[in-house]
Amino acid sequence: MRIPMTEYLDIDLDTEMWRCRRCDADIAPARDDYKTGTLVYDRDPTEIHRPLIDADRYEFTFAPDPSWCRILEFSCPGCGTMLETEYLPPGHPPTHDLEIDVDALRAQWSGWQGPVPLTLGRDVQVTDHLHTH
Ligand SMILES: [Zn+2]
């Protein structure tokens, strides 16, 4: 059973792996940080947030200082889909932002019958169709 966790990631409870929802590639063990199995692009933030004023004339240009900030882009090794980005000081290790209790997740879904809802969690209730045609 595959449980959607983010827009692009799910956890396969049978293999206990993070998987890409776009190409089905195994990314990393579900009990570990999914980022360990991704491709990482360490970007200069001025490539994304370009200076708004002349960098040759002014010290502060409204662009992030690359000596203080880097942008890490994490992508699927199978299809290249960008899974996550984060802003960190240079040299800072990626944050472990999703730490899933796999045993609790398995228990939560153990009695589930039928297809897993793709966009809603177990505790989200769908209201009846409210608008009229
Ligand atoms: Zn993929």
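Please read all numbers here as calculations on a predicted model, not as lab measurements.

### Considering the overall build of the chain
Each helix and strand counted, the chain has one helix and seven strands in total. Evaluated residue by residue, the chain yields a buried proportion of 14% over its 133 residues. Counted over contacts in the chain with a minimum sequence separation of 6, partners at least 24 positions apart contribute 42%.

### Overview of the sheet that holds strand β3 (residues 17-20)
Pairing is antiparallel in the open sheet, where four strands are placed in the order β1-β2-β3-β4. The open sheet has two edge strands with one neighbour each: β1 (2-4) and β4 (26-29). The average angle at which neighbouring strand axes cross in this sheet is 30°, direction not considered. Pairing geometry for strand β2 (residues 9-12) and β3, over four bridges, is antiparallel. The residue of β3 that forms the bridge with Asp 12 is Met 17.

Reading guide: rules and limits
Residues numbered from 1 in each chain as written. Predicted model: local features only at pLDDT ≥ 70, side-chain atom pairs only at ≥ 80, totals over all residues. Helix = DSSP H or I, 4+ residues; strand = E, 2+ residues; numbered from the N terminus. Buried ≥ 20, exposed ≤ 12 C-beta atoms within 10 Å, placed from the backbone. Contact = placed C-beta atoms within 7 Å. Pairing = 2+ DSSP bridges. Axes fitted to C-alpha atoms, helices over the stretch in contact; angles between N-to-C directions.

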